Amino acid sequence: MAVELCLLLLLFCGSTISEVQPIYKPPPGTLDFGFVPAKTYDTGAYHEPGPIGILFKIVHAFLYLVQPNSFPQDLIRKLAQQKFGNTQGDYQKAIYYEIGFIVSAALGLLFILLLPLVGLCFCMCRCCDNCGGEMHQRQKKNADCQRSCFATFLFVASLIISVGVLCAYAANQHLTNQVRGAKKLVNSNFKDMKIFLNDTPAQIDYLVSQYNTTKDKALSDLNNVGPLLGSRVQEQLGKEVRPALDAALTMAGAIRETKEALENVSVSAEVLQEGTERLHANLTDVKMHLSNTLNDSACSVAQAASTCNIIRNSLNQLNINANFSGLPGVSSQLAKVNDVLKIDLSSLVQKGYAAFNDTPDLVVNQTRNILSDIKNVLESVGSNITTFTKALPVQKILADLTIYLTQSEAYVQDYFPVVEQYDFYRWLGCLILCCMVVLILVFFYLGLLCGTCGYDKHSSPTTRGCISNTGGNFLMAGVGFSFLFSWLLMIVVVLTFVTGGNVEKLVCEPFEDKTLFKVLDTPYLLNQHWKNYLSGLLFKNPNINLTFEKVYSDCKENKGIYTSLHLEHLFNINEFLNVSMYTEDVALKIEHIQINLSKIILLDEIGKENLLNFSSSGIEGINFAAYLTEINKSVTKVDLLSFANDLEARADQLPKGALENALKGHANNIRMIHNQQVVPLEQAMSTLNQSIRLLKRTSSELTVKVKNVIGAVNAAQLLINNNASLVIVQETKKYMDTVVGYFEQYIEWVKESIAMEVAACKPIANVIDTAVDIFLCSYITDSVNAFWFGLGGSSIFLIPAIIFAVKLSKYYRRMDTEDVYDDTENGNNGYHKEHLYGIHNPVFTSSVEQW
């Protein structure tokens, strides 16, 4: 029940989604919903064992050697379905899979049975003075070499046993330390679960509250329907309207420019006519005075005659070149253009611009009622969401889940001291086992120490010192305790080996590679009537494809619980928060928007008539060729400045006197005429040239141009009057898509948030990882496996240690009798027993040494 309550927590905040949907790409005007508030979970479901991890890896490698077979999925499925053993092959497969454990366990049982039996037989044998029990040692030439080898082998075996018992002790202590520190990890998991429950309502409230962002943006667009929809309509119509009005405005400017040009032509022509007549008179006077000067007697002198003749011959150049008196006038054309300008065409065009620019205001005025209805729809959506949210029993669900979680936490807290107490008993028992091995090692190390330090190679076996004899006794004591404890140690090793090894192979490794989830997801495995157990348990519908592996993987990736558990099959939120239904209402109301733009007049008939009058003003009848012909001529036949400079230069060639001064005076007079009369005439000619060319360009196909302008204006007016409805429909559709797009963005954002952010179920995966991967596998199984690995290794190496200790003790203990060397070497190869010659051992032999 608690699980189902947990699942219901998020079901009212989104629409149906079974997997993460692709992110919606909205039209321009993307909404920013911010980030869903989320807290960070504290639990890190990962265990780093530290230096002892090397030992764990060695144990894993050993288990792989013992059991290299893959996980038996088929056998586990049959076992879960209670079909194991229906076929003979099942037992064969099970034996084949467990063959490594079976062989190892069999060897362990053999060790358990035989070693005590061998110890008993060995003890009885020694009591009968056999098996090394006789306190007599034969002298051999390689005795020192054998003693050294036995001591070395025993020392090495003892070192290996020491390493094994240290590993066992470290594993035992590691498990205790982890159990003591597990409380913090458990509390961290409970804390994350509380965060999971407490943070989810705030996330849901945030999702619901963000509808206001959508609504506010939609209302903003509706309030600005003029700038938005009206501007869009205006922009589309403006593609034809604005060029037409621009052409009309350009033509109005051309009329004004034509008037100015005609006035400039009229004035310039008059100025040029008067100026050329005055210039002609002045140049005539200059020629007459120059001619009189050249007729002076001074020019008859040989030195001046040639220069005077040259000057006399150039006098014909002092004359005007352009004749403007015969140019036709433009007064009639100017009069007609002035009549055209009596009507302000620019003002008429500007009225057309103003009328067209009022399109947004027309849209606002004509959509006021419909927009009011749309706003009411939006407000009703928000009210429905709020009402539905309040109707859901969220607080009750949270209260029930919190109570369940609190009870679970209290249960764990109450029983945790019990777990620690039992772990202490376990730790103490394992410590006693380690102490058994340590006791044996103490005897072996003391035996080696005393025997090695107290051994005197010059002493005979019967005269060995007390320290050496004590070392031998320690070694035999170690052998005795080895026989007493080894079978008990091996029982513990076999039991923990079989249990811990199979847990590692059948639980931990399959859990790590998710093979275990695949087995759990087998159809009809846990319930013969349910295809999918998890969906049958949660939704009472076993046909929904909801697997343990998928749920665990999604939660591991911190996805939302709505996506991970496919909660849409439990509760369909679309039935209550079907925003698309409201967007359809909004869309229908927007589609009913009707906008009439027939009141817009771009250019009235007066303006069009004015354009036609301009086209018939007659400027195209001006004789532009005559004007351009005279304009292209220079004012005088010769450049007066050049002529004056040349005249002055020739005057310098004459002898000094009155003639030279007179000619230079005429040169200055010519320069003055140029500056005062020719330069103004040239400026007037430039003005006339610009005006004539402007008139020529304007008059070129003027009638066609005017007709084109009027045609463009008429076409734009026709578009507004007749075809604007199509444009309005198209732009209204785009506007509707924009407004509706805000709701679609909201829906997609809610889906994405529910799928990935709301109630992220990482704590659920952490609980599973904590229980299985950390507690069961890392804390318990790895420690237990390391314990039996170290203790088992120590137990196995007790066998060679026993053998070497027994052999070595013979060299350390004091003997009752010994072999003596006889130089005669008669019959006994030089060695005789003491008692044969009545030689008795002067050293007292205690009854203990008879062992």
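Residues numbered from 1 in each chain as written. Predicted model: local features only at pLDDT ≥ 70, side-chain atom pairs only at ≥ 80, totals over all residues. Heavy atoms only, no water.

Right, let's get into the overall build of the chain. Helix and strand counts for the chain stand at 26 helices and three strands. For the chain, the proportion of its 851 residues judged to be buried stands at 46%. For the chain, the proportion of contacts with a sequence separation of at least 24, taken over those separated by at least 6, is 89%. Of the roughly 42400 Å² that the chain leaves accessible, carbon and sulfur atoms contribute 58%. (Helix = DSSP H or I, 4+ residues; strand = E, 2+ residues; numbered from the N terminus. Buried < 20%, exposed > 50% of the residue type's maximum accessible area, 1.4 Å probe, protein only. Contact = heavy atoms within 4.5 Å. Areas by Shrake-Rupley, 256 points an atom, 1.4 Å probe, with all protein chains shown as cover.)

Take the pattern of salt bridges next. Under the definition given, this model contains eight salt bridges. Close ionic contact of Lys194 with Glu409 constitutes a salt bridge, the shortest N to O distance being 2.9 Å. Of this pair, Lys194 sits in helix α5 (residues 143–209) while Glu409 sits in helix α13 (residues 394–454); the two residues are 215 residues apart in sequence, bridging distant segments of the chain. When its relative accessible area of 33% is taken as the criterion, Lys194 is described as partly exposed. (Salt bridge = Lys/Arg side-chain N within 4 Å of Asp/Glu carboxyl O.)

Tallied over the entire structure, the rule returns two disulfides. There is a disulfide in this structure between Cys508 and Cys777, and the S-S distance comes to 2.1 Å. Here Cys508 and Cys777 share a disulfide; its torsion about the S-S bond, -100 degrees, makes the bridge left-handed. Here the residue Cys508 occupies a position in helix α14 (residues 466–512), and Cys777 occupies one in helix α25 (residues 762–796), the gap between them amounting to 269 residues. Two residues share a disulfide in this structure: Cys555 and Cys761, whose sulfurs sit 2.2 Å from each other. What sets the handedness of the Cys555 and Cys761 disulfide is the S-S torsion sign, and at about -105 degrees it is left-handed. One end of the pair, Cys555, is in helix α17 (residues 548–556); the other, Cys761, is in the loop between α24 (702–756) and α25, with 206 residues separating them in the sequence. The structure places no disulfide on Cys430, whose sulfur is separated from the nearest cysteine sulfur, that of Cys434, by 6.9 Å. Its relative accessible area of 13% is what places Cys430 among the buried residues. The structure places no disulfide on Cys453, whose sulfur is separated from the nearest cysteine sulfur, that of Cys450, by 7.2 Å. (Disulfide = S-S within 2.5 Å.)

Counted under the stated rule, the structure contains 20 aromatic pairs. Seen in terms of ring centroids, Phe443 and Phe481 are 5.2 Å apart; in terms of plane orientation they differ by 5 degrees. Their pairing is stacked. Here the residue Phe443 occupies a position in helix α13, and Phe481 occupies one in helix α14, the gap between them amounting to 38 residues. Considering the side-chain rings of Trp788 and Phe789, the 6.2 Å spacing of their centres and the 70 degrees angle between planes classify their relative orientation as edge-to-face. (Phe/Tyr/Trp six-rings, centres within 6.5 Å; stacked < 30°, edge-to-face > 60°.)

What follows concerns the side chain of Lys559. Within the element layout of this structure, Lys559 appears in the loop between α17 and α18 (561–564). Looking at Lys559, the relative accessible area reads 15%, which means it is buried. Sequence-distant contacts of Lys559, defined by excluding residues within four places in its chain, comprise Asp554, Ser564, Ala755, Met756, Ala759, Ala760 and Cys761.

Here the focus is the nonpolar core. Counting residues in each nonpolar core, the largest one holds 79 residues, and the members touching the most others are Leu290, Leu318, Leu602, Tyr627, Leu663 and Ile670. Ranked by residue count, the leading element in this core is helix α7 (residues 225–294), at 19 residues. Residues Cys167, Ala786, Phe787 and Leu798 belong to the second largest nonpolar core, which totals 54 residues. (Core = buried A, V, L, I, M, F, W, Y, C linked by side-chain atoms within 4.5 Å.)

What follows covers the environment of Phe624. Checked against the element boundaries, Phe624 lands in helix α21 (residues 624–631). Of the residues examined, Phe624 reaches a relative accessible area of 9% and is grouped as buried. Residues Phe624 and Lys696, spaced 72 residues apart in sequence, show a C-alpha to C-alpha distance of 6.9 Å. In this structure, Phe624 is in contact with Ile619, Ile692, Leu695, Lys696 and Ser699, ignoring residues within four places of it in sequence.

With respect to the helices and strands, Gln273 occurs in helix α7. Residue classification places Gln273 among the partly exposed positions, given a relative accessible area of 25%. Residues within four places of Gln273 in sequence aside, it is in contact with Phe324, Ser325 and Leu327.

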